[in-house]
Amino acid sequence: MKGKCYIQGMAAISPQHTFEGDLLSQPMAVTQGNMLSCVEPDYRAFIAPNSLRRMTRVLKMGLAASLKCLQESGVAVPGAIVTGTGKGSLQDTERFIKEIRDFEERALNPTPFIQSTYNAVNGLIALQQKCTQYNNTFVHRGFSFEHALLDSMLLLSEGKPDVLAGAFDEITTEHFFIKSRIGHWKQETIASDTLYEHVSPGTISGEGAAFFLLTPTATAQSYAQLGGLQMLYKPSPEKLHTALGQFLAQHGVQPEDIDLVLSGANADSNHLHYYDVLNSYALNTQLPFKHLCGDYETAGAFALWLGAAILKQQQVPAQWFPMLKEQPRKLQHILIYNHFFGEQHSFMLLHKVS
Amino acid sequence: MAERVFITGVGMITAIGDDVAGNLRSLRAQQSGLDYTRQLTTIYKDVLPVAEVKHTTQELSEMAGVAGKEGYTRTALLGLIAMQEALRHAGITDMQDEPAGFINASTVGGMCDTENVYFDIADPAKTGDFIRFIDTLDCADCTQRIADTVGIEGQIATISTACSSSANALMYGARLIKAGVARRVICGGTEALTRFTLNGFNSLKNIDKRPCMPFDQDRNGLNLGEGAAYLVLESESLVKERNATILAALDGYANTNEAFHPTAPSPEGDGAYAAMKSAMEMGGCVPADIQYVNVHGTATLSNDVAEGMALQRLFGEQTPKFSSTKPFTGHTLAAAGGIEAIYSVLAIQHQLIFPNLHFKDKMEELYITPETSLLEDYPVRHVLSNSFGFGGNNASLLISKYEG
Amino acid sequence: MEELKQKLKVQIIEALNLQDTRPEDIDDNAPLFGDGLGLDSIDSLELMVLLERYYHIKVEDPREGRKILQSVQSMAEFIQSKQPA
């Protein structure tokens, strides 16, 4: 694929204070318990009351994050809107299933059905910004956001001036319970800041919404360059190892050039061994990020937001990373490696904009 | 110069046939697949017609060769059957000789099975076999089941843009090939009937109690259907390398958004117009080049007005033959774009125009009417296939005869 | 009739989650859609659900619904016409 991709603006709603204020001065939000929930902003600043009244939580999170991202980028109507979500609006899906049962299929309110559609957030953004351009939604677990990014990169190389790419997912108590039945979460209840001390089956759950305005050229405001992206479906550890070496080489980067690795390691003993690949290349400073956002299908979007923010600030927010011994000597190249319960693996390579 | 993208294999299962040949037979016989459900537990089973695949889920698992293996939802089985046919048809026997991508489309994933056990799944007091359906709640499960069963290891993704999902899957696959990310991508969608979607569309008062009547003045909504369809897309260089048979070319496509309303198109069909026009232009066609439009034609009040207006704006008095095949297959949501893309390929291969069943009276808002008879030996070279959905999502594909 | 209209206003506010609206803000004859309360076609489907759930009146035809749902007044008149005196 030809062409370049820069992050021109971005916004994130997450279990951390990421939506407003300065990254370096926000204290780490710690959750007692295995289900991390977002710090939600006042949506009325972004969404008209008449629109807000019907919207459920993840729709508000997605729409507000996308609008803040556009605002920050100074772009009203992007050239395309592409998103990823693993679960869409869980609240609406759960509500419609329940209403079908409770009202025995009679006199059903259509709103939860409409909003349970996975591309509902995309439609809302397009509607609010009057964006009649390309619009797409990927719904593939740990590849949802990554394919949204790949699609965006294709769009830029095809000539779009800019693309709004993002991801959103929520967790509900009901869904938390459901996924606990197939071992997604730790049995012991922990505090999020002690995640890595509890290596055992399962992890902690999370949620979030993050949006990025991507452009083919850099400006003084650019956060970072997204230099490379690769997805691997159910790779063997050997295949993963080879692929990481090739990925770096293909983008002209040596393992020692990587100044920081943001790793999706989540203390889940069932799938933790994949992260050994990072050690096999003796990569520099590795920082795990899931104690900040929990695990969910589109956690990669949080990692991208974090990596891009670090590159722009040229500093790691040390208050969020107690395990950080010292700031990296330089911050030129960041590698993100994440996987979702061992199935969908992805590498992202970020460069500082010079 | 980006490579051309060719269609080299097709596979499908719908209410009117278990494979492509069966579908073609029913289309030629003008045999609709609409009937009442035998599989779905719903109070509407004798009220709302649906186009259901005429097999139990158990029978489907036998057809797919996975009988006795656990965890395949009806959605995954329909998809698997269509995928196996598409691979066979394209002459692909070894998945290892060329990494294949798989771009699937789904609107509600395994809901067909999970909705029957959801309250057990969510109830801490209950345990049992239903636990195995937890992982089928989302849209990716069916994609991975299909990929794992046939051995796909390349790029895999699932798209969900409501009723335009599989048209977008085809578009994304073609773009991955043009960008050089892959040389072979299998694209389409799968959809099983569910109580969830039936009640959803019914709550929108969008379902007709009669067999649907696209583009008819008296139409009053859609009928849901189920099925799956996949098309093997390959780059020109790969096709030449392995001397594959080209069924048709995917030369144009476009995705636009209405930005008008969460579930309704703009009355003038702005998005539909823009999608068809861009797809056509991308393939280097002018309106006079198009012989057939396989319209979205759901028979809802608003779709057919908007789509009809868009056709009139684009083609005027010279509007080519057009028909909705939804009276045959029902509206198969995420599978519709794939199914209708295959029908477009069949129209080109067999020089056919399919009839728009159940049409009687012209709509008062339009001066055009759909084709109501089966036309044989009709010179079809370029077909537009439309898929429009919730969220204002419009997709249009230009499928063309390969003439070297 | 007055009582019914009052009850309807409360139900409409609740069903449509009109957070900043009080029952007394809704004029009996003001149009519910467009310029009035600013409701849209999805709200009209929700109001039909309200009629069915609370008053057991089923409106089959969306076009008929439009007429019934013009205002609180028209809704109340319709409900009364359907109920035994």
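Since the structure is predicted, the reported quantities are computational estimates derived from the model, not experimental observations.

To continue, consider the overall build of chain B. Secondary structure assignment for chain B yields 12 helices and 10 strands. Computed over C-alpha atoms, the radius of gyration of chain B comes to 20 Å, within 12% of the 22 Å expected from 2.2 N^0.38 for 404 residues, which places it in the range of a compact globule. The principal-axis extent of the C-alpha atoms belonging to chain B is close to 65 × 50 × 40 Å. For chain B, buried positions account for 68% of its 404 residues. Summed over its atoms, the accessible surface of chain B is roughly 12,500 Å², and 48% of this surface lies on carbon and sulfur atoms. Averaged over its 31 positive side-chain charges, chain B has a centre that lies 2 Å from the centre of its 48 negative ones.

Once that is clear, we can look at the interface of chain B and chain C. With eight residues of chain B in contact, the opposing surface of chain C contributes eight residues. A combined buried area of about 680 Å² lies between chain B and chain C, and 59% of that area is made up of carbon and sulfur atoms. Among the residues chain B hides against chain C, the three largest losses belong to B:K205, B:H261 and B:L301. Together they make up 61% of the total. If you look at where chain B meets chain C, you find zero salt bridges. The residue makeup of the side of chain B that touches chain C, split by class, is three nonpolar, three polar and two charged.

All names here are of chain A. When you line up the elements, D259 lands in the loop between α8 (237-250) and β7 (260-263). Owing to a relative accessible area of 7%, D259 belongs among the buried residues under this scheme. Only 2.7 Å separates the side chain of D259 from the side chain of K330, close enough to count as a polar contact. Here the side chain of D259 touches H333 through a polar contact of 2.8 Å, landing on its backbone nitrogen. Ignoring anything within four residues of it in the chain, the contact list for D259 reads N284, T285, P328, K330, L331, Q332 and H333.

A few words now on unusual backbone geometry. For residues besides glycine, phi is generally negative; the peptide bonds are generally trans as well. One non-glycine residue, A:R141, lies in positive phi territory at about 40°. Position of A:R141 among the secondary structure elements: in the loop between β3 (134-138) and α6 (144-157). Here the phi dihedral of B:F215 falls at roughly 60°; this positive angle occurs in a residue that is not glycine.

Time to look at the nonpolar core. Core analysis: the biggest nonpolar cluster contains 143 residues, and A:F212, A:L304 and A:L306 have the highest contact counts within it. The dominant element in this core, judged by the number of residues it contributes, is helix α11 (residues 299-313) of chain A, at 11 residues. Setting aside residues up to four positions removed in sequence, A:F212 forms contacts with A:I7, A:G9, A:M10, A:C69, A:F145, A:V163, A:L164, A:A165, A:A301, A:L304 and A:W305. Counting residues in hydrophobic clusters, the runner-up holds 59 residues, among them A:I178, B:I121, C:I42 and C:M75.

Attention now goes to the pattern of salt bridges. For the coordinates displayed, the defined rule picks out 45 salt bridges over all chains. As a salt-bridge pair, A:R101 and A:D102 come within 3.1 Å of each other at their nearest N and O atoms. Judged by its relative accessible area of 43%, A:R101 falls in the partly exposed class. A:R141 serves as the salt-bridge partner of B:D138, at 2.6 Å between the closest nitrogen and oxygen. In this pair, B:D138 sits in the loop between α4 (111-121) and α5 (140-150) while A:R141 sits in the loop between β3 and α6, so the two residues belong to two different chains. Among the residues examined, B:D138 registers a relative accessible area of 12% and is labelled buried. Salt bridges sharing common partners tie together A:E40, A:R57, A:E170 and A:E207.

Contact geometry of helix α3 (residues 90-102) of chain A with α4(B) gives a least axis separation of 11 Å together with a crossing angle of 70°. When the axes of α3(A) and α4(B) are compared, the pair comes out roughly perpendicular. Classified by chirality, the crossing of α4(B) by α3(A) is right-handed. Contacts between α3(A) and α4(B) involve A:T93, A:E94, A:I97, A:K98 and A:R101 from the first element and B:M111, B:Y118 and B:F119 from the second. Across the contact of α3(A) with α4(B), the residue classes tally to four nonpolar, one polar and three charged.

Summed over the entire model, instances satisfying the criterion amount to 23 aromatic pairs over all chains. Centroid distance A:F145 to A:F212: 5.7 Å. Interplanar angle 40°. Geometry classified as tilted. With A:F145 in helix α6 and A:F212 in strand β5 (residues 208-215), this pair connects stretches of sequence that are 67 residues apart. Each member of the pair, A:F145 together with A:F212, is buried. The interplanar angle of 75° and the centroid separation of 5.4 Å between the aromatic rings of B:F102 and B:Y230 together place this pair among those described as edge-to-face. Within this pair, whereas B:F102 is found in strand β2 (residues 100-105), its partner B:Y230 is found in strand β5 (residues 227-235), the two being separated by 128 residues in sequence. For the pair B:F102 and B:Y230, a shared accessibility class is recorded, and that class is buried. An aromatic cluster of three or more residues is present, and its members are A:F96, A:F113, B:F196, B:F201 and B:F390.

A few words on the environment of B:G308. Residues and elements named next belong to chain B. Along the polypeptide, G308 turns up in helix α10 (residues 301-315). Between the alpha carbons of G308 and I92 there is a distance of 40 Å; along the sequence they are 216 residues apart. Those residues in contact with G308, other than ones at most four positions away along the chain, are F215, L366 and I368.

Glancing now at the domain arrangement of chain B. All names here are of chain B. Here chain B is described as being made up of domain 1 (5-241) and domain 2 (252-400). Opposite the 61 residues of domain 1 that make contact, domain 2 presents 66 residues. Taken together, the two surfaces of domain 1 and domain 2 that pack against each other cover about 4,800 Å², and 70% of this comes from carbon and sulfur. Contact with domain 2 buries surface across domain 1, with L27, F215 and R219 losing the most and accounting together for 18% of the total.

Within the fold, A:N119 resides in the loop between α4 (111-116) and α5 (120-129). With residues near it in sequence (within four places) discarded, A:N119 still touches A:T137, B:S160, B:T161, B:A162, B:F390, B:G391 and B:N393.

All names here are of chain B. The terminal C-alpha atoms of helix α9 (residues 270-282), which comprises 13 residues, lie 18 Å apart, in line with the 18 Å expected from a rise of 1.5 Å per residue. Of all the residues in α9, the buried ones are G271, A272, A275, M276, A279 and M280. Seen from one end, α9 has its buried residues packed into an arc of 155°, which puts them on one side. Of the surrounding secondary structure, the elements contacted by the buried residues of α9 are β6 (248-257), α10, β9 (382-389) and β10 (393-400). Note on α9: the residue one or two positions beyond its end, G284, has a positive phi of about 70°.

Contact residues are listed per partner, giving 56 residues for chain A and 64 residues for chain B. Between chain A and chain B lies a buried interface of about 5,100 Å² when both sides are counted; carbon and sulfur atoms form 60% of it. The interface formed by chain A and chain B holds four salt bridges in total. Residues B:R175 and A:E158 are paired through a salt bridge, measuring 2.9 Å at the closest nitrogen-oxygen approach. Taken together, the elements giving at least two residues each to the side of chain A that touches chain B come down to α3, α4, α5, β3, α6, α7 (173-180) and β6 (224-233) of chain A. It is α3(A) that provides the largest number of residues to the side of chain A that touches chain B, a total of seven residues. Considered class by class, the residues forming the side of chain A that touches chain B number 24 nonpolar, 16 polar and 16 charged.

Calculation rules
- Along every chain, residues carry numbers that run from 1 in the direction the sequence is written.
- Numbering of ligands from 1 and lettering of chains from A proceed in the order in which they are written.
- Under the rules for a predicted model, residues below a pLDDT of 70 receive no local features and side-chain atom pairs below 80 are neither given nor counted, while totals for whole chains, interfaces and linings still include all residues.
- Only hydrogens and water are set aside; all other atoms, that is, all heavy atoms of the structure, feed into the side-chain values.
- Note on conventions: DSSP H or I runs of at least 4 residues are helices, E runs of at least 2 residues are strands, and numbering of each starts at the N terminus.
- Between the two quantities, the radius of gyration covers C-alpha atoms and the globule rule is 2.2 Å times the number of residues to the power 0.38.
- Type-normalised accessible area, obtained with a 1.4 Å probe on protein chains alone, sets the label of each residue: buried when under 20%, exposed when over 50%, and partly exposed for intermediate values.
- A 1.4 Å probe and the Shrake-Rupley method give the accessible areas. Residues count as covered only by the protein chains that appear here.
- Charged residues are defined here as Lys and Arg on the positive side and Asp and Glu on the negative side; His and the ends of the chain fall outside this count.
- For charged residues, the charge sits on one atom: NZ in Lys, CZ in Arg, CG in Asp, CD in Glu.
- Any two residues having at least one pair of non-hydrogen atoms within 4.5 Å are treated as being in contact.
- Throughout, the accessible surface (probe 1.4 Å) given up by two parts as they are put together, summed over both, is called the buried area.
- The term salt bridge refers to a side-chain nitrogen of Lys or Arg lying within 4 Å of a carboxyl oxygen of Asp or Glu.
- Gly is placed with the polar residues, together with every amino acid not listed as nonpolar (Ala, Val, Leu, Ile, Met, Phe, Trp, Tyr, Cys and Pro) or charged (Asp, Glu, Lys and Arg).
- Here a polar contact is recorded for every N or O atom pair within 3.5 Å, except that within protein the pair must consist of a potential hydrogen donor and a potential acceptor, and residues adjacent in sequence are included only if both atoms are side-chain atoms.
- For this analysis, a nonpolar core means a set of buried residues of the types Ala, Val, Leu, Ile, Met, Phe, Trp, Tyr and Cys, connected via side-chain atoms within 4.5 Å.
- To obtain each axis, a line is fitted to C-alpha atoms, and for helices this fit is confined to the stretch in contact; angles are then taken between N-to-C directions over 0 to 180 degrees.
- Should an angle fall under 35 degrees it is called roughly parallel, over 145 degrees roughly antiparallel, and 65 to 115 degrees roughly perpendicular, with every other angle called oblique.
- Here a crossing is called left-handed whenever its near helix is offset anticlockwise from the far helix by less than a right angle, and right-handed whenever the offset is clockwise.
- Pairing of aromatic side chains here covers Phe, Tyr and the six-membered ring of Trp, requires ring centres within 6.5 Å, and sorts the geometry by plane angle: under 30 degrees stacked, over 60 edge-to-face, intermediate tilted.
- What counts as a domain boundary in this text is fixed by an automatic or database domain assignment.
- For a helix, the expected span equals 1.5 Å multiplied by the number of residues minus one.
- Working definition: the arc comes from the directions between the helix axis and the C-beta atoms, pointing outward to the latter.

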